[in-house]
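A closer look at the structure
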Amino acid sequence: MKSENAPTVVGFIGLGRMGLPMVENLMKAGFAVQGFDQSEAARADVAAAGAIVCASAAEAGRGADVVITMLPNGAIVRDVLLGEAGLAAAMSPESIVIDMSSSAPTDTTLLAEKLEPLGLQLIDAPVSGGRKKAIEGTLTIMVGGDSAVINKILPVLDAMSATIFRTGKIGSGHAMKAINNYVSGAGMVAAMEGVILGQTFGLDPEVIVDVLNVSTGRNNTTEVKMKQFVLNSDFGSGFALGLMAKDIGIANDLAAALDLKMGSVAETSARWIAAQEALGPDADHTEMYRFLADS
């Protein structure tokens, strides 16, 4: 439950697969949630869950102590806040924006600078764990920004998370999320190519996965994806290939912005972009296996 000094009203922009269960957990913790999404179906789902559904992003932000954005990318977050949607203009000075989207860290830094003259404080707090952990309220949250501001919103984050990491300055949470998904995506390609290699030689793919999982080659893909979603051709993990490609692209862009020549980051990004072009952005990210097998 939230403490007496915690924010009371939370605006929530982006009520999709992740947003809906996050809203439900906020309400379970005692927060009043007023949400908005462009999708009529998403608004209906959140209304059925008991939240206040607003007609616009600005309406969702009006009177809120904290506004959470859970949107496809940082460009959309910026447009909703500072563009025609008018979210920032509708918010009260000293209220807090928590961007839980996967945004580019350099863009997040610039957005914080633009919100500051309006009296608004920005925190970046992307998540890891997927829809399953969003439903359970056990997401991992990587939070960047002013420590005093983070202290104010901890009860909000606690309602959705089992693990919170303070990563440092504004933008650092988004940097950490991109780095995590780069490492995850690179590990997925390696695991899948290992299975394809072994199977082509004549090994049983399930045996390959079993050996990897008790050896040094094990990773998230071998442990929770290969048998569960790939070898059975289910491909239903619930995380889109296009989102993985976007996050790894953010890591690659960050390396370039820092003037770091990282061949593996660039190569991994290129592979995921190629898979997205071949399979479409809405394909499940575990369908990378099909792309690799056909390459």
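Structure shown above.
Residues numbered from 1 in each chain as written. Predicted model: local features only at pLDDT ≥ 70, side-chain atom pairs only at ≥ 80, totals over all residues. Heavy atoms only, no water.

1. Examining the overall build of the protein
In terms of regular secondary structure, the protein is built from 15 helices and 9 strands. Over its C-alpha atoms the protein spans a radius of gyration of 20 Å, differing by no more than 12% from the 19 Å that the globule rule assigns to 295 residues. Seen through its principal axes, the protein has C-alpha atoms that stretch 65 × 45 × 30 Å. In the protein, the share of contacts with a sequence separation of at least 24, taken over all contacts with a separation of at least 6, comes to 66%. In the form shown here, the protein has an accessible surface area of approximately 13,500 Å², with 54% of it arising from carbon and sulfur atoms. The centroid of the 21 positive side-chain charges in the protein is displaced by 3 Å from the centroid of its 33 negative side-chain charges. (Helix = DSSP H or I, 4+ residues; strand = E, 2+ residues; numbered from the N terminus. Rg over C-alpha atoms; globule rule 2.2 N^0.38 Å. Contact = heavy atoms within 4.5 Å. Areas by Shrake-Rupley, 256 points an atom, 1.4 Å probe, with all protein chains shown as cover. Lys, Arg positive; Asp, Glu negative; His and termini not counted. Charge placed at Lys NZ, Arg CZ, Asp CG, Glu CD.)

2. A short note on a nonpolar patch on the surface
Together, Met176, Ile179 and Val183 make up an exposed nonpolar region whose accessible area comes to about 240 Å². Mapped onto the elements, methionine 176 comes out in helix 9 (residues 172-201). (Patch = residues over 30% accessible without salt bridge, like charges linked within 9 Å, V, L, I, M, F, W, Y side chains within 5 Å. Salt bridge = Lys/Arg side-chain N within 4 Å of Asp/Glu carboxyl O.)

3. Topic: the packing of helix 13 (residues 241-257) against helix 14 (residues 263-279)
With their axes 9 Å apart at the nearest point, helix 13 and helix 14 run at an angle of 155 degrees to one another. Compared by their axis directions, helix 13 and helix 14 come out roughly antiparallel. Relative to helix 14, helix 13 is oriented so that their crossing is left-handed. Where helix 13 approaches helix 14, its residues Leu241, Gly242, Met244, Ala245, Ile248, Gly249, Ala251 and Asn252 are matched on the opposing element by Val265, Ala266, Thr268, Ser269, Trp272, Ile273, Ala275, Gln276 and Leu279. Split into classes, the residues belonging to the contact of helix 13 with helix 14 amount to 11 nonpolar, 6 polar and no charged. (Axes fitted to C-alpha atoms, helices over the stretch in contact; angles between N-to-C directions. Parallel < 35°, antiparallel > 145°, perpendicular 65-115°, else oblique. Left-handed = near helix turned anticlockwise from the far one by under 90°. Nonpolar A, V, L, I, M, F, W, Y, C, P; charged D, E, K, R; others polar.)

4. Overview of the layout of surface pockets
Counted as a void, the second largest pocket has a volume near 220 Å³. Considering the residues around the second largest pocket, the lining is formed by 13 residues, among which Ala112, Glu116, Leu120, Gln121 and Leu122 are closest to the centre. Breaking the lining of the second largest pocket down by element, the ones donating at least two residues are helix 6 (105-115) and strand 6 (121-124). If one sorts the elements of the lining of the second largest pocket by residue count, helix 6 sits on top with 3 residues. Looking at the lining of the second largest pocket residue by residue, the classes come out as 5 nonpolar, 4 polar and 4 charged. (1 Å grid on protein atoms, 1.4 Å probe; cavity = no way out; pocket = protein on both sides within 12 Å on 5 of 7 lines; lining within 4 Å. Points joined across faces, edges and corners; volume = space filled by probe spheres on them.)

5. Quick word on the pairing of strand 9 (residues 161-168)
In the sheet, strand 8 (residues 139-144) pairs with strand 9 via 6 bridges, with the strands oriented parallel. Paired with threonine 140 across the strands is threonine 163, a residue of strand 9. Once the chain exits strand 8 it traverses helix 8 (residues 147-158) before rejoining the sheet at strand 9, and the crossover so formed is right-handed. (Pairing = 2+ DSSP bridges. Right-handed = clockwise from strand over helix to strand, strands pointing away.)

6. A closer look at unusual backbone geometry
The residue glutamate 94 is not glycine, and still its phi comes out positive at about 75 degrees. Within the secondary structure layout, glutamate 94 lies in the loop between helix 5 (87-90) and strand 5 (96-99). The residue serine 233 is not glycine, and still its phi comes out positive at about 60 degrees. On the secondary structure map, serine 233 appears in the loop between helix 12 (226-230) and helix 13. You can call serine 233 exposed: its relative accessible area is 51%. (Buried < 20%, exposed > 50% of the residue type's maximum accessible area, 1.4 Å probe, protein only.)

7. Structural notes on the nonpolar core
Inside soluble globular proteins, nonpolar side chains tend to come together where they are buried. Residues Phe12, Met22, Leu26, Ile68, Ile98, Met100 and Leu157 are the most contacted members of the largest nonpolar core, which totals 34 residues. Among the elements of the structure, strand 1 (9-13), helix 1 (19-28), helix 2 (40-49), strand 4 (66-69), strand 5, strand 8 and helix 8 are those that each provide at least two residues to this core. The greatest single-element share of this core, amounting to 5 residues, is contributed by helix 8. Formed by 27 residues, the second largest nonpolar core is a distinct cluster that contains Met226, Ile248, Ile250 and Ala283. (Core = buried A, V, L, I, M, F, W, Y, C linked by side-chain atoms within 4.5 Å.)

8. Some words on the environment of alanine 283
Counting through the fold element by element, alanine 283 comes out in the loop between helix 14 and helix 15 (288-294). Residues alanine 283 and phenylalanine 229, spaced 54 residues apart in sequence, show a C-alpha to C-alpha distance of 13 Å. Filtering out sequence-adjacent residues up to four positions away, alanine 283 remains in contact with Phe239, Ala240 and Leu241.

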